[in-house]
Amino acid sequence: MHEHRMLIDGQLVEAHNGKTFQNINPATEEVLGNVTDGSHADAQRAVAAARRAFDGTDWGRDHEGRKKSLLQLQQALEAEREDMRAELIAEVGCPVLLTYGPQLDAPVNEAVKWPAEQISEFPWKRSLGEKDPFGWGMVASREVWKEPIGVVGVIVPWNFPLEITLNKLGPVLAMGNTCVIKPAPDTPFNATRLSRLIAEHTDIPPGVVNIVTSSDHSVGEVLTKSPDVDMVAFTGSTATGRKIMEGAASTLKATFLELGGKSANIVLDDADFPSAVGSAAAVCTHAGQGCAISTRLLVPRSRYQEAVDIVTESMKNIGYGDPNDPANLQGPQISKRQQERVLNYIEKGRAEGAKLAVGGGVPKHLPKGFFIEPTLFIDVDNKMTIAQEEIFGPVLVVIPFEDDDDAVRIANESAYGLSGQISSGDINRARDVASRIRTGTLGINGAVWYGADTPFGGYKQSGVGRQCGIEGLEIFTQTKSVAVPAAT
Ligand code: NAD
């Protein structure tokens, strides 16, 4: 059973105006159900509730109570794990395989639990020792206190909706904040379920977590502009990230932004080509709808044809279609709009002179759902639109390089700086290249950096700040320096 209500001030509620909107299965185009359609007024009520809960309760200082509540939420999530798996596949169109990793199991296992466990370890107070700052005989004993930042507006996209929500919610609550979450209109059921789990299975006080589902993107602006919100934490497109920063500027809010990417997968000439080049087809995972996916394959010109042959073969063999079928790595795009957006990029690639080696269209054998064929462009110049812009589709571009310096230059010749991969037979050579790539995460020889304890975020226009890890806890805190007279 899908929950259709949202969470405001501890209550599962309908939108004030009684409106609802449809949740569509992107693989079948069927209506999964209706969800309450929150308005600006509902978002304002939610902000007021979060403000009251922050200012009027002891939530921010009750470390033990927070830990207990978060572990209750963890248990509640675990108890409904299999229902969530089916629901996520239906509303997100994500392949079932991915739910055994970052789409569901990894965040359910760690995203709330790890921050909860850090509450007792976190350096809430540290001593700077004694000092007479001006030499006036006034010796002070100084401390630095870490405190919650206040009310956090959390704005979530549709590609990894539960993962992104939990990886923000866990740290936000562990650090003592209250929040208002605005899920993406395309994937609301994971958020309404979370609303129910919080309301019915935890002692999280009313107003500490509010979740406002809406079909209207502009409801998010209530969070970016309200003077009662202290910080905005956002994941989504760079274009929207820019608007959020602009909105937050009017009240000088802190912002955490996790934005787009155009990451490079660099295969050096001494790498194991069948494995390193062949696995580049993983770009099609979840139909390419992941910000950290390596969408530019950089291969040495000296072994270019060999690389093209390997990657062409592996792109042709990607399983795609019904996301419930474990043989499929690729499901549909989230919506008709996204399908058209990706097709436009493919058209642009052709027009700018890249050579289409695999796919490039809508699969005829899948008449329902927003599918796109796994698509490979070769002979791509890094200046082309398909090498510079985030396509968010199952599209891989292959770019040749001359030597390591050239590979680094091409990888960094991007407005983005989110992630990437490097493969080499010499781990020190790979590490050297890694130290010159301007991105927030990197995997060497197929190793995966992901985890609740691993900071994740971008350089350049891929974002501001880090999610997860100690950095992802600190970002949701304020710093207060306090002095008391030193004991004489
Ligand atoms: P988006 O960035 O527009 O939306 C993400 C979230 O922001 C949604 O909850 C949306 O309702 C909200 N939002 C939109 N406009 C807002 C505003 N002005 N103020 C406050 N909140 C606002 O993403 P989209 O339109 O769903 O997708 C478009 C493109 O964004 C994709 O094709 C892809 O390139 C990119 N994208 C990136 C990521 C990522 O993880 N980096 C995730 C989703 C989409």
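This section reports on the structure supplied with the text. All values reported here derive from a predicted model rather than from experimental measurement.

With that settled, consider the overall build of the chain. For the chain, the count of helices and strands is 17 helices and 20 strands. The globule rule puts the C-alpha radius of gyration for 488 residues at 23 Å, and the 24 Å found for the chain is close to it. Overall, the C-alpha framework of the chain stretches about 75 × 60 × 40 Å when taken along its three principal axes. For the chain, the proportion of its 488 residues judged to be buried stands at 58%. Contacts in the chain between residues at least 24 apart in sequence constitute 72% of all its contacts with a sequence separation of at least 6.

Here we come to the sheet that holds strand 14 (residues 355-358). Pairing in this open sheet of 7 strands is mixed, and the strands run 14-15-16-13-12-17-18 from one edge to the other. Pairing within the sheet leaves two strands with one partner each, and these edge strands are strand 14 and strand 18 (443-444). In the sheet, strand 13 (residues 294-300) pairs with strand 16 (residues 395-401) via 5 bridges, with the strands oriented parallel. Paired with V299 across the strands is P400, a residue of strand 16. Across the sheet, helix 12 (residues 304-316) lies against strand 13, strand 14, strand 15 (375-378) and strand 16, angled at about 170° from strand 15, the strand it touches most.

Another aspect to go through is the nonpolar core. By size, the foremost hydrophobic cluster in this structure holds 53 residues, and its most contacted members are L77, V152, L169, L173 and V209. Counting residues per element, this core draws most heavily on helix 7 (residues 161-174), at 7 residues.

Let's shift gears to unusual backbone geometry. Phi at D379 takes a positive value of approximately 55°, unusual for a residue other than glycine. Mapped onto the secondary structure, D379 falls in the loop between strand 15 and helix 14 (385-388). Residue classification places D379 among the partly exposed residues on the basis of a relative accessible area of 39%. We note that C468 has phi near 75°; this positive angle belongs to a residue other than glycine. You can see C468 is positioned in the loop between strand 19 (463-464) and helix 17 (469-474).

The next point concerns a nonpolar patch on the surface. A surface patch of nonpolar side chains, about 450 Å² in accessible area, is lined by F134, W136 and M138. Mapped onto the fold, W136 is located in the loop between strand 5 (125-131) and strand 6 (140-148). The exposure class assigned to W136 is exposed, which follows from its relative accessible area of 63%.

Another point: the site of the ligand. Taken together, 27 residues surround the ligand, and among them V156, W158, H217, S237 and R341 come closest. S237 places a polar main-chain atom, nitrogen or oxygen, 2.8 Å from an oxygen atom of the ligand. Considering the ligand on its own, with 820 Å² of exposed area, one finds that the protein chains cover 95% of that surface. At the level of elements, helix 9 (219-225), strand 10 (231-235), helix 10 (238-249) and helix 13 (336-351) are the ones that each hand at least two residues to the shell around the ligand.

Further remarks concern the state of the cysteines. Disulfides are covalent bonds that link the sulfur atoms of two cysteine residues. Summed over all chains, the structure comprises 0 disulfides. Free cysteine C94: the closest other cysteine sulfur is in C291, separated by 15 Å. Just so you know, C291 is unpaired, no disulfide at all, and the nearest cysteine sulfur is the one on C468, 12 Å from it. According to the relative accessible area criterion, C291 is buried, its value standing at 13%.

This part is about the pairing of strand 16. Here strand 16 lies mainly inside the structure; 7 of its 7 residues are buried. Here strand 16 shows no split at all, with V395, V397, I399 and F401 on one side and L396, V398 and P400 on the other all buried. Where strand 15 lies against strand 16, 3 bridges are found, and the strand directions are parallel. In the strand pairing of strand 16, T375 is matched with V395.

Our next topic: the packing of helix 3 (residues 81-92) against helix 8 (residues 189-201). The interhelical angle for the contact between helix 3 and helix 8, taken along N-to-C directions, is 150°, at an axis separation of 9 Å. Accordingly, the angle class assigned to the pair helix 3 and helix 8 is roughly antiparallel. Residues D83, M84, E87, L88 and E91 of helix 3 touch helix 8, and the partners they reach there are F189, N190 and R193. Each residue belonging to the contact of helix 3 with helix 8 can be placed in one class, and the counts come to 3 nonpolar, 1 polar and 4 charged.

Rules of the game
Residues numbered from 1 in each chain as written. Predicted model: local features only at pLDDT ≥ 70, side-chain atom pairs only at ≥ 80, totals over all residues. Heavy atoms only, no water. Helix = DSSP H or I, 4+ residues; strand = E, 2+ residues; numbered from the N terminus. Rg over C-alpha atoms; globule rule 2.2 N^0.38 Å. Buried < 20%, exposed > 50% of the residue type's maximum accessible area, 1.4 Å probe, protein only. Contact = heavy atoms within 4.5 Å. Pairing = 2+ DSSP bridges. Axes fitted to C-alpha atoms, helices over the stretch in contact; angles between N-to-C directions. Core = buried A, V, L, I, M, F, W, Y, C linked by side-chain atoms within 4.5 Å. Patch = residues over 30% accessible without salt bridge, like charges linked within 9 Å, V, L, I, M, F, W, Y side chains within 5 Å. Areas by Shrake-Rupley, 256 points an atom, 1.4 Å probe, with all protein chains shown as cover. Salt bridge = Lys/Arg side-chain N within 4 Å of Asp/Glu carboxyl O. Near = heavy atom within 4 Å. Polar contact = N/O pair within 3.5 Å; in protein donor to acceptor, adjacent residues only side chain to side chain. Disulfide = S-S within 2.5 Å. Parallel < 35°, antiparallel > 145°, perpendicular 65-115°, else oblique. Nonpolar A, V, L, I, M, F, W, Y, C, P; charged D, E, K, R; others polar.

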